[in-house]
Amino acid sequence: MSAVTPMARMRRARLWPAAVLVIGLLAPVTGSAPAVAENTDTGDSWSASSDTFAPSDFHAAPYLGNGRIGTVLPPSGGGYQDYGDAVRTSFPLEQSRYTGTYLAGFYARAAPSPQYTQVIAALPAWSGFAVRVAGHTYDPAVDPATVTEYHQRLDYRTATVTTEAVWAPDSAHSVRLRYDTFVSRSRPDLAVQKLTITPAYSGPLDVVDRVDTAAARRAAPVAAFADPERRQSVAGVRADGTADTAFVVSAVDAPAGTTTDAVPGSNEMRYGTAVSAGTSYTFTKFVGISATCYGTDPLAAATATAVTARSAGFDAEHAAHAAEWDRLWQPAIDVSGRVDYPRWIRAALYSVLSSVRAGEHWSVQPAGLSSDDYGGMTFWDADTWIFPTLLALYPDLARTIVDFRGAALPAAQANARGYGLPGALYPWDDGPAQRCASPVGCGLTEEHLHNEIALAQWQYYLATGDRQWLRTTGAPVITAIAAYLTARVGPKLPDGKYHYAPAAGADEYVAVSVDNALTNGGVRETMRIAARAAHDSGLPVDPRWADIAVNMAMPPDVAPGVPAEYLGYTGAPIKQADTVLLSYPFSYSAPGYSPAATLRYYFDRTDPDGPNMTNSVGAILSARYDPCRTQDYLDRSVQPYVRPPYDFQSEARGNRSGANALGQSAWVFVTGAAGFLQGMLYGPTGLRWTDSGIALDPMLPTGFPDGLRIRGLRVGASTLDLRIATDTTTVTLTAGEPIAIDTPSGTRTLAPGSPMRLPTRPGC
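Thresholds applied
Residues numbered from 1 in each chain as written. Predicted model: local features only at pLDDT ≥ 70, side-chain atom pairs only at ≥ 80, totals over all residues. Heavy atoms only, no water. Pairing = 2+ DSSP bridges. Helix = DSSP H or I, 4+ residues; strand = E, 2+ residues; numbered from the N terminus. Axes fitted to C-alpha atoms, helices over the stretch in contact; angles between N-to-C directions. pLDDT = per-residue confidence, 0-100. Contact = heavy atoms within 4.5 Å. Salt bridge = Lys/Arg side-chain N within 4 Å of Asp/Glu carboxyl O. Buried < 20%, exposed > 50% of the residue type's maximum accessible area, 1.4 Å probe, protein only. Parallel < 35°, antiparallel > 145°, perpendicular 65-115°, else oblique. Left-handed = near helix turned anticlockwise from the far one by under 90°. Nonpolar A, V, L, I, M, F, W, Y, C, P; charged D, E, K, R; others polar. Core = buried A, V, L, I, M, F, W, Y, C linked by side-chain atoms within 4.5 Å. Polar contact = N/O pair within 3.5 Å; in protein donor to acceptor, adjacent residues only side chain to side chain. Phe/Tyr/Trp six-rings, centres within 6.5 Å; stacked < 30°, edge-to-face > 60°. Lys NZ or Arg CZ within 6 Å of the ring centre and 35° of its normal. UniProt positions renumbered as here; feature names shortened; annotations may be inferred. Expected span 1.5 Å × (residues − 1). Arc of directions from axis to C-beta. Disulfide = S-S within 2.5 Å.

## Observations regarding the sheet that holds strand β6 (residues 125-133)
The sheet built from five strands is open, its strands ordered β7-β6-β12-β17-β16 with antiparallel pairing. Across the chains shown, the open sheet's two edge strands, defined by having one partner strand only, are β7 (136-138) and β16 (259-262). Averaged over all neighbouring strand pairs, the angle between strand axes comes to 25°, with direction disregarded. Pairing geometry for strand β12 (residues 203-212) and strand β17 (residues 269-275), over seven bridges, is antiparallel. The partner of Leu 205 across the bridge, within β17, is Thr 273.

## So, the confidence of the model for the chain
In low-pLDDT regions, the fine details of the predicted coordinates are not to be read closely. Residues with a pLDDT of 70 or more make up 95% of the chain, whose mean pLDDT is 93. The model gives residues 1-34 a pLDDT under 50, and that stretch makes 120 contacts with residues more than four places away or in other chains.

## Re the pattern of salt bridges
Applying the stated criterion across every chain, the model contains 36 salt bridges. Here Glu 360 ties to Arg 68 by a salt bridge, and the two come within 3.0 Å at their closest N and O atoms. Here the residue Glu 360 occupies a position in the loop between α3 (340-353) and α4 (380-393), and Arg 68 occupies one in the loop between β2 (63-65) and β3 (69-72), the gap between them amounting to 292 residues. A single burial state applies to Glu 360 and to Arg 68, both of which are buried. Of the charged contacts in the structure, one is a salt bridge between Asp 721 and Arg 709, with a shortest N-O distance of 2.6 Å. You can see Asp 721 sitting in strand β28 (residues 718-724) and its partner Arg 709 sitting in strand β27 (residues 708-715), a full 12 residues away along the chain. According to the relative accessible area criterion, Asp 721 is buried, its value standing at 7%. A relative accessible area of 23% places Arg 709 in the partly exposed class.

## Description of the packing of helix α9 (residues 467-489) against helix α10 (residues 517-537)
For the pair α9 and α10, interaxial distance at closest approach is 8 Å and the crossing angle is 140°. Accordingly, the angle class assigned to the pair α9 and α10 is oblique. Both α9 and α10 take part in a crossing whose hand is left-handed. Between α9, through Arg 467, Leu 470, Arg 471, Ala 475, Ile 478, Thr 479, Ile 481, Ala 482, Leu 485 and Thr 486, and α10, the contact on the second element is made entirely by Val 523, Thr 526, Met 527, Ile 529, Ala 530, Ala 533, Ala 534, Asp 536 and Ser 537. In terms of residue class, the contact of α9 with α10 is built from 12 nonpolar, four polar and three charged.

## Remarks on the nonpolar core
One broad trend across soluble globular proteins is that nonpolar side chains are buried collectively. Within the largest apolar cluster, 187 residues are counted, with the highest numbers of intra-cluster contacts made by Tyr 341, Tyr 426, Met 680, Trp 689 and Leu 720. Ranked by residues supplied to this core, first place goes to α9 with 11 residues. Sequence-distant contacts of Tyr 341, that is, excluding residues within four places in its chain, are made with Val 335, Gln 631, Leu 634, Asp 635, Val 638, Phe 676, Met 680 and Phe 704.

## Re the side chain of Asp 373
By secondary structure assignment, the location of Asp 373 is in the loop between α3 and α4. Within polar-contact distance, the side chain of Asp 373 engages the side chain of Ser 371 at 2.9 Å. At a separation of 2.9 Å, a polar atom in the side chain of Asp 373 contacts the main-chain amide nitrogen of Trp 667. Discounting chain neighbours no more than four positions away, the residues touching Asp 373 are Thr 89, Ser 90, Arg 97, Ala 367, Ala 666 and Trp 667.

## Quick notes on the pairing of strand β5 (residues 118-122)
Taken across its five residues, β5 has five buried, putting it largely inside the fold. With four bridges joining them, strand β4 (residues 101-109) and β5 adopt antiparallel strand pairing. The residue of β5 that forms the bridge with Arg 109 is Gln 118.

## Quick word on the packing of aromatic side chains
One pass over the structure, following the stated rule, counts 30 aromatic pairs. Arranged with centres 6.3 Å apart and planes meeting at 80°, the rings of Phe 58 and Trp 667 form a pair that is edge-to-face. Note that Phe 58 is positioned in the loop between β1 (47-50) and β2 and Trp 667 in the loop between β23 (648-649) and α15 (670-682), a separation of 609 residues in sequence. According to the relative accessible area criterion, Trp 667 is buried, its value standing at 5%. Positioned above the aromatic ring of Tyr 601, the side-chain terminus of Arg 605 is 3.6 Å from the ring centre.

## Some remarks on the sheet that holds β28
Taken in spatial order, the five strands line up as β19-β27-β28-β29-β32 in an open sheet, and their pairing is antiparallel. Of all strands in the sheet, those with a lone pairing partner are β19 (332-335) and β32 (756-759), marking the two edges. Neighbour-to-neighbour, the strand axes of this sheet turn through a mean angle of 20°, independent of strand direction. In the packing of α15 onto the sheet, the strands contacted are β19 and β27, and the crossing angle to β19 comes to about 75°.

## Points about the UniProt feature "domain: Glycoside hydrolase family 65 N-terminal" (unreviewed entry) in the chain
When the UniProt feature table is mapped onto this chain numbering, "domain: Glycoside hydrolase family 65 N-terminal" (unreviewed entry) sits at residues 62-290. Between the C-alpha atoms that bound residues 62-290 there is a distance of 22 Å. The span itself is 0% helix and 57% strand.

## Digging into the pairing of strand β10 (residues 173-183)
A regular strand places its side chains so that they alternate between the two faces of the sheet. Among the 11 residues in β10, eight count as buried, and that is most of the element. Relative to β10, strand β9 (residues 160-170) runs antiparallel, the two being bridged by nine bridges. Residue pairing in the sheet places Thr 163 in a bridge with Tyr 179 of β10. Following β9, the chain reverses through two residues before pairing antiparallel with β10.

## Examining helix α1 (residues 298-312)
One turn of the α-helix equals 3.6 residues, which is why residues spaced by three or four share an orientation. Here α1 is 15 residues long and its end C-alpha atoms lie 21 Å apart, about the 21 Å a rise of 1.5 Å per residue gives. Listing the buried residues of α1 in full gives Pro 298, Ala 302, Thr 305, Ala 306 and Ala 309. End-on, the buried residues of α1 take up no more than an arc of 95°, which puts them together on one face. In this structure, the buried residues of α1 make contact with β11 (190-199), β15 (245-253), β18 (281-291) and α2 (314-328).

## Comments concerning the packing of helix α8 (residues 448-464) against α10
At their nearest, the axes of α8 and α10 sit 9 Å apart, and the two run at 40° to each other. Our classification of the angle between α8 and α10 gives oblique. As for the relative orientation of α8 and α10, their crossing is left-handed in sense. For the pair formed by α8 and α10, the contact residues are His 448, Asn 451, Glu 452, Ala 454, Leu 455, Trp 458 and Tyr 461 on the first element and Leu 518, Thr 519, Gly 522, Val 523, Glu 525, Thr 526, Ile 529, Arg 532, Ala 533 and Asp 536 on the second. Looking at the contact of α8 with α10 residue by residue, the classes come out as eight nonpolar, five polar and four charged.

## Details of the state of the cysteines
Applying the stated criterion across every chain yields a total of two disulfides. Put simply, Cys 436 and Cys 442 are joined by a disulfide, and their sulfur atoms are 1.8 Å apart. Taking the relative accessible area as the measure of exposure, Cys 436 reaches 19% and is therefore buried. Judged by its relative accessible area of 1%, Cys 442 is buried. Sulfur-sulfur distance for the disulfide between Cys 628 and Cys 764 comes to 2.2 Å. Judged by the sign of its S-S torsion, about 100°, the bond between Cys 628 and Cys 764 is right-handed. Within this pair, whereas Cys 628 is found in the loop between α13 (614-625) and α14 (630-636), its partner Cys 764 is found in the segment after β33 (761-762), the two being separated by 136 residues in sequence. Here Cys 628 falls in the partly exposed class, since its relative accessible area comes to 44%. Within the chain, bonded cysteines paired by disulfides and numbered along the sequence follow the pattern 1-2, 3-4.

So this is what it looks like as structure tokens:
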């Protein structure tokens, strides 16, 4: 999703014009298409599976995560697999794609870059349970010709991957294998894998527990050893350019009578067993994963987790894990009469939930914790595309995103001081440090980001009513951003207006502009929000904020009721949603402004091969202003991007997200998944956050004739159920105190035991 410059630059980055003389084009990365593993489940929206063993297809690698640990398993069931140079990760790393394991907050210092200071480091692969028979090995490099009766299944409900296969390495030996793998939701630092082996022969068999340091990226080994007495394998790494270390400790429970010894020159443990035909043997590894960002002694912490979990056993740990996922699945978006949408919704929600955890100190990256696409850095994806979905159903998870900005406020203030400016300057792209790398990639790059950060902070307050949080976290962020923007746009020019120059909006086909409509319109809203946040939290109100809100310049209309994307824009194709965002998530209004005309004008000029976020906003806006197009936008926000077998979403319809993109498209693209869900939540319901709570203006898209239901919508301490039917929408308070709801006919109170009925607008 990057604009292209002569330098290796992050997605969406824009260069300060004094630093840019030439903008060049980079040829697309090409490669042969891998074999595709098709989804073989029918009618079960709670799982996805494949009967095709496709080790070269990176889409066939399921993602597991608990919001702190994220890991991708190879089709073989466990271990480390590199897909080779033809299949590469997204910009800026653009390296061979691989099955990685990531720990939220564990970052390396980046090589010198004008854009960012940190990229996420990859840990050793923890899930390697290899099987050895008569000199042959079953692991990710196994010969596909020796594998039959293959079946791999991802159960969204319990976040568990089951891989089954019959492996016959030669005519005399055949074994049935089953891997059951999960990353614990109940223990944030635990991952578990159980291997069940049923041989069709009698004789010796070895299981090798491998914590593979070859999977580490941007991290150097500091420890790798095996302890046969304790049946433990240990690997430790230090993130490049830092003193931060992470440890992976595997403790194995093996059948009685198994011999144990360390593999010379490695941290591998070999478990030897004399097996009998038809008898099943179970090996289970309990893996603790920790780093210095979670405590001073990560080796001790990881070891304690592994040993404690081994004592509890697989069944107990899996039951606790599944119970936590069952709690997460209580809110829901239910679509009746469709087979495709329920599966897409659950796959999308699973990928989002796997990437965030309540109480953590980190935000959500574009690919979650599934890969190092986009370097694992934080962008506006978190605040604008992922946050609203979480806010509606999981405010405790949404809080991690706004709290991340609050925790980074001192760094943002230091960034602003570096430019001699007041307030807070957040980088467009960086890791947890949130440091500005240079003027090229921070101070004057896509500063519409600041308005979206401020808006998310304010929306969290509106949705939760948490005034204490506003005083301690939200208002300080909002007002610091307003102070920065006040200096950035001032003083007034002779025309009596404030101008933003240079500026760049979300459209990545434009490197730099003057008075970008999204940026300037967002500044107007930020100034109004800042005044209200300061007032409500007892902070000083700068009188200039009100003046800027009224006198911030906007570019002239390019068509009746349609502001130009920027000063001088004449209708060129755009890469992704930009000016339309004035109407949502912002609520821009001005004499003559037409949200409907703006929607039609810009969507007709949007590149269909651009990044997977835009159409979800089309669904939300069309639901209010052009409902006949809502179903089309909803379909387009998901269908072109879903890939079998696990129905995760890609960043683009093709191999690259837009004509000028650097690197291949991101995968698994959590931003797009959350955007699709946001369209489902805010489009048909007309949901908006207001001073009194929420506004609803329901409509039913044409593709859902049997209705749509939102269960578990959270407003403050109350929980709602919405049933949208053809003629009537029923809103029920299922928990909490009465709340006020703004409706097209006025404000009404929803009380326990008294469902509210609203007319449903037709989809066309």
